[in-house]
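If you want the building blocks of each chain, they are given just below.
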Amino acid sequence: MTEIQELVSKQKTLFKAGKTMTHTFRNHQLQKLKDMLKRNESNIYDALKKDLNKSSYEVLMTELGFLYNEIDETMKYLRGWMTPEKVKSPTTHKGAKSYIYKQPYGVTLIISPWNYPLHLALAPLIGAIAGGNTAIIKPSEFTPHTSQLIEKMITETFEAKYISVVQGEKEVSESLLDQPLDYIFFTGSTQVGKKVMEKASKQLIPVTLELGGKSPCIVDSDAKIQLAARRTAWGKLINAGQTCVAPDYLLVHESIKGQFIEAFKKEVELMYTENPIENDDYTKIVNDQHFNRLLTYLDGENIIYGGQSDSSREKINPTLIDNVNWDSDIMQEEIFGPLLPIMTFNKLEEVVDHVEHARNPLALYYFSENSQKQEWVIKNLSFGGACINDTIMHLGNNNLPFGGIGTSGIGSYHGIHSFEAFTHRKSVVKQTTSFDLSFRYPHSKIAEKVLTKVFKK
């Protein structure tokens, strides 16, 4: 606790000195972050292989590649993002100029999860640096090799009084949350997110909560079945389903259910062979606890594909579960694994009731060739973000804000939205002293006449 208090105190001192305020400083730190990743690429691949058995393909696509793109874009546009925005002033403010300044919060805390342990620790850090803040990163204890590497890289690259890593279990997180922080960025489960928000509320610390939920994948009768199956299988099985925006359950039109299931099986085997647990490029479940949790979901269920597991490898084959309903154990919380429950519908309106069982999912996926039905789904269902005729890909567009709604999160980030997450939009009016409008003052004889004309025109 004392060490954490000292760390926060030192970061507050650095921030108050104004060192982080300039574009030159921030841009230089972003370049240092990129150089740090490049120097350590082989170590990153190795750590993620040890923690999650991630293939080089998955590391590049879902961890390193995203970070490189995010850093490059931020460096390219940062000066413009930092520039105060001039906005219109109303008639009542004649002679004044109005601006929005982007003010950093100060000392920020980033609590990251285990499923994308590099990406989800450092992507928020890009926003924190760009916004002019200091940062403390608390990585997950469930991925020790990657967390240790993050600490080593950050320690070698940045001063602790600017950016630091603090490791430990939940007691450490609780100690950090008790500090007089200026901003908290949390990625993880809804259950833990509630605790983070409760802690933050005691000090009125602003937060971004990137949570999860049961994200539906809806395949309508007019969908291109093979393509829908391929993109669903890809989105579901990246990181063995341990993705916050993975398709959590399938809602398929009754008329194409059989065709879709056969197409899904085919696509899985093309990507990962007939027995993925034997495939060295197939990601493992993070630990025994989560492995056993997933196996309990299979008890008594109608498994129509897959279901095999290997405890020594902590792997579970891609699994389809049929005849599921909302009372099933697997439908009570986010699955976070390679298990895909199947439910059906006949009319699109039925989908609303299904989604309302686990409302406000982080993501929603809809496959259909009908643009009117696409718009109906977008307008009538609540979700954090969506893909039409695809899965996951909205996450890779930095021009789109990524975040949830309700139980799936508060706030958003990526690209300029990361910069905005870590800055306060500060309103400023610069008033002229060349003249003074007398009607604003109560002693003015024409005040009421002028104000009535201004406000009632």
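Residue positions are given per chain, counting from 1 as you read along its sequence in written order. This being a predicted model, a pLDDT of at least 70 is required before a residue's local features are given, and a value of 80 or more before pairs of side-chain atoms are given or counted; all residues contribute to the totals for chains, interfaces and linings. Just so you know, side-chain values use all the structure's heavy atoms and leave hydrogens and water out.

The protein appears in an unreviewed UniProt entry as Aldehyde dehydrogenase from Alkalibacillus filiformis. One UniProt comment on the protein, placed under Sequence similarities (unreviewed entry), says "Belongs to the aldehyde dehydrogenase family." UniProt positions are given in the numbering used here, feature names are shortened, and annotations may be inferred rather than shown by experiment.

**Notes on the layout of surface pockets**
Roughly 1,600 Å³ of internal volume is contained in the largest pocket. Of all elements in the fold, only α7 (170-177), β6 (183-187), α8 (190-203) and α11 (288-296) reach the threshold of two or more residues within the lining of the largest pocket. Just so you know the grouping, Ala, Val, Leu, Ile, Met, Phe, Trp, Tyr, Cys and Pro go in nonpolar, Asp, Glu, Lys and Arg go in charged, and all remaining residues, Gly too, go in polar. In terms of residue class, the lining of the largest pocket is made up of 16 nonpolar, 17 polar and 16 charged. Of the volumes computed, that of the second largest pocket is approximately 450 Å³. Contributing to the lining of the second largest pocket are 23 residues, with M61, T62, F66, L395 and G396 lying nearest its centre. A helix here means a DSSP run of H or I that spans at least four residues, while a strand means a run of E at least two residues long, and both kinds are numbered starting from the N terminus. Mapped by element, the contributors of at least two residues to the lining of the second largest pocket are α4 (56-82) and α5 (119-131). Ranked by the residues each element gives to the lining of the second largest pocket, the list is headed by α4, at five residues. In terms of residue class, the lining of the second largest pocket is made up of twelve nonpolar, ten polar and one charged. Put simply, the grid is 1 Å and covers the protein atoms alone, a cavity is a trapped set of points that fit a 1.4 Å probe, a pocket is an open set with protein on both sides within 12 Å along at least five of seven lines, and lining residues have an atom within 4 Å of a point. Grid points are joined across faces, edges and corners, and a volume is the space filled by probe spheres set on the points.

**Examining empty space enclosed by the protein**
Tallied over the full model, the rule gives one cavity of 30 Å³ or more. Estimated volume of the largest cavity: approximately 40 Å³. Residues that form the lining of the largest cavity fall into these classes: four nonpolar, three polar and three charged.

**Thoughts on the UniProt feature "active site" (unreviewed entry) in the protein**
Here the UniProt feature "active site" (unreviewed entry) sits at E210. Along the chain, the position of E210 falls in strand β7 (residues 207-210). By relative accessible area, E210 is classed as buried at 3%. For this analysis, residues touch if any pair of their heavy atoms sits within 4.5 Å. Filtering out sequence-adjacent residues up to four positions away, E210 remains in contact with F185, F186, T187, G188, F402, G403, G404, S408, G411, S412 and Y413. For each residue, the accessible area found with a 1.4 Å probe, counting protein chains only, is set against the maximum for its type, and the residue is called buried under 20%, exposed over 50%, and partly exposed in between.

**Some details on the UniProt feature "domain: Aldehyde dehydrogenase" (unreviewed entry) in the protein**
Sites flagged by UniProt as "domain: Aldehyde dehydrogenase" (unreviewed entry) map to residues 3-428. With 42% helix and 18% strand, the stretch residues 3-428 has end C-alpha atoms that lie 38 Å from each other.

**Details of the sheet that holds strand β15 (residues 363-367)**
Read from one edge to the other, the open sheet built from seven strands follows the order β10-β13-β14-β9-β8-β15-β16, with strand pairing classed as mixed. The outermost strands of the open sheet, each flanked by one partner alone, are β10 (302-305) and β16 (385-388). Ignoring strand direction, the axes of neighbouring strands in this sheet form an average angle of 25°. In this structure, β10 lies alongside strand β13 (residues 319-322), joined through three bridges in antiparallel fashion. Bridge pairing in β13 places N302 opposite D322. At least two DSSP bridges between two strands are required for those strands to pair. Lines fitted to C-alpha atoms define the axes, with helix axes restricted to the stretch in contact, and inter-axis angles between N-to-C directions lie between 0 and 180 degrees.

**Let's talk about the pairing of β13**
Side chains of β13 alternate between two faces, with T319 and I321 and L320 and D322 buried alike. Of the strand pairs in this sheet, β13 and strand β14 (residues 339-345) are connected by three bridges, and their pairing is parallel. When the bridges of β14 are listed, I321 appears paired with P341.

**Structural notes on the packing of α4 against α5**
Remark: α4 packs on α5, axes separated minimally by 10 Å, with the N-to-C direction vectors making an angle of 5°. As judged from the angle between their axes, α4 and α5 are roughly parallel. Mapping the contact onto sequence places T62, E63, F66, L67, E70, I71, T74 and L78 in α4 and H119, L122, A123, I126 and A130 in α5. Grouping the constituent residues of the contact of α4 with α5 by class yields eight nonpolar, three polar and two charged. Each angle gets one of four labels, with under 35 degrees taken as roughly parallel, over 145 as roughly antiparallel, 65 to 115 as roughly perpendicular, and the rest as oblique.

**Re unusual backbone geometry**
The phi dihedral of N239 is positive, around 60°, even though this residue is not glycine. By the element assignment, N239 lies in the loop between α9 (225-237) and β9 (249-253). Exposure remark for N239: the relative accessible area of 0% places this residue in the buried category. Positive phi, close to 70°, is recorded for I392, a residue that is not glycine. Within the element layout of this structure, I392 appears in the loop between β16 and β17 (409-410).

**Section: the nonpolar core**
Core analysis: the biggest nonpolar cluster contains 114 residues, and L37, L122, L125, I154 and V219 have the highest contact counts within it. When residues in this core are grouped by element, the largest group, ten residues, is from α4. In plain words, nonpolar cores are sets of buried Ala, Val, Leu, Ile, Met, Phe, Trp, Tyr and Cys residues tied together by side-chain atoms within 4.5 Å. Ranked by size, the runner-up nonpolar core spans 19 residues in total, among them L109, I111, L176 and L211.

**Quick word on the sheet that holds β7**
As summarised here, the arrangement of the six strands in space is β5-β4-β3-β6-β7-β17, forming an open sheet in which the pairing is mixed. On the outer flanks of this sheet lie β5 (163-165) and β17, each paired with one strand and no other. Examined bridge by bridge, strand β3 (residues 107-111) and strand β4 (residues 134-138) share five bridges and lie parallel to one another. Opposite T108, over in β4, you have A135 as the bridge partner. This element, α7, spans β3, β4 and β6 of the sheet and lies at about 155° to β4.

**Examining the packing of aromatic side chains**
In this description, a pair of aromatic rings is defined by centroid distance and the angle of the planes. Two rings from Phe, Tyr or Trp (for Trp, the six-membered ring) form a pair when their centres are within 6.5 Å of each other. A pair whose planes differ by under 30 degrees is stacked, one over 60 is edge-to-face, and the rest are tilted. If you walk through the whole model with that rule in mind, you get 14 aromatic pairs. Consider the rings of W114 and F336, whose centres lie 5.4 Å apart with planes at 80°: the pair is edge-to-face. Taken together, the residues span a long stretch of sequence, with W114 in the loop between β3 and α5 and F336 in the loop between β13 and β14 at a distance of 222 residues. As far as the burial class goes, W114 and F336 line up, both buried. These aromatic residues form a ring-pair network of at least three members: Y105, Y183, F185, F402, Y413 and F422. Taking NZ or CZ as reference, K38 lies 4.6 Å from the ring centre of Y68, over its face. Lysine and arginine charges are scored as sitting over a ring when NZ or CZ, respectively, is within 6 Å of the ring centre and within 35 degrees of the ring normal.

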